[in-house]
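# An overview of the molecular structure
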Amino acid sequence: MSAATNQIKVGNCVIAERKASNRTIILANLRLREIEKVIVCRHGQTIPDTDDGMIYIHAAGLNGAAETLFGWCSRWAPWASEDLIENVAKAVSNRKNIQKPDAVAKLLSVNFAERERLGLRTIGANDVSSKKRKSIVKALKRQRDRDRMLAKRRAQGRTKRSVYEAKSLSHLEPWVAEGISRATWYRRRCETGQSRIESPRNGDTLVSNLLSDPEIESNQASARENIISQKGSRKMRSMGSGLPESRGLGAASSPHGEAQRSEPR
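Residues numbered from 1 in each chain as written. Predicted model: local features only at pLDDT ≥ 70, side-chain atom pairs only at ≥ 80, totals over all residues. Heavy atoms only, no water.

### Let's talk about the overall build of the chain
- Scanning the chain from terminus to terminus reveals 13 helices and two strands.
- The buried share of the chain, taken over its 265 residues, is 23%.
- In the chain, the share of contacts with a sequence separation of at least 24, taken over all contacts with a separation of at least 6, comes to 49%.
- Summed over its atoms, the accessible surface of the chain is roughly 19,900 Å², and 52% of this surface lies on carbon and sulfur atoms. (Helix = DSSP H or I, 4+ residues; strand = E, 2+ residues; numbered from the N terminus. Buried < 20%, exposed > 50% of the residue type's maximum accessible area, 1.4 Å probe, protein only. Contact = heavy atoms within 4.5 Å. Areas by Shrake-Rupley, 256 points an atom, 1.4 Å probe, with all protein chains shown as cover.)

What follows is the structure, encoded as structure tokens:
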């Protein structure tokens, strides 16, 4: 496999080539750049002419530099012969994908400490598993976030939590020195008394204010007297309407009808 195409073969015969995805190409380029970062950290600007130098050439061929291996070696391993480079290129030409992160780390002997120091992301570690690395990275991120927020609070002039708690009443416990309970101590300070209830002034008028106004009280008394007098008038009219005054029977002077018996029986 190259960084740009995937070869479809039947035996040793290439019957088709499929263009690699952009993600694969980008990942291969990043992997190759990180291999070069490891080389610079360990050896400088060129690979030494040793057995370890062959490992770097082989890793570069497996991870994106198969087609351009001659040009890559001219920059990083100028001592490598054409036969040596051609043998490495043939050995890695049948590979379909680049190596896994931990496989590259095992090939180049990259441990977790070196990985974090160099900021490698496409190369794993040969001493820490991928699952454990993720948990460690999350813990480091949380710590960085805490440090950043702490620096922000200090810049704003906020008090440390330890200093705040040392000066708090819960820590000092002055009620113990006075020999009383905490509730009693707060009650004596009028901090836990009855809550004050305030009414907004932009709403309806309070009933207490209405009753305390003399003018309103006078109007209410007059209204009550009018109502009482009206009720009395209606009652008297209802009582008088049932008497037989219209028949001239003298009901007004003799309510018991004695005028009807004026003639002798």
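### Comments concerning helix α1 (residues 22-43)
- Taking 1.5 Å of rise per residue, 22 residues should cover 32 Å, and α1 covers 31 Å from first to last C-alpha, within 8% of that figure.
- Of the positions making up α1, those classed as buried are A28, R31, L32, E34, I35, E36, V38 and I39.
- Elements that come into contact with the buried residues of α1 comprise α2 (51-62), α3 (69-76), α5 (101-108) and α6 (112-118).
- Phi for G44, located one or two positions after α1, is positive at around 105 degrees. (Expected span 1.5 Å × (residues − 1).)

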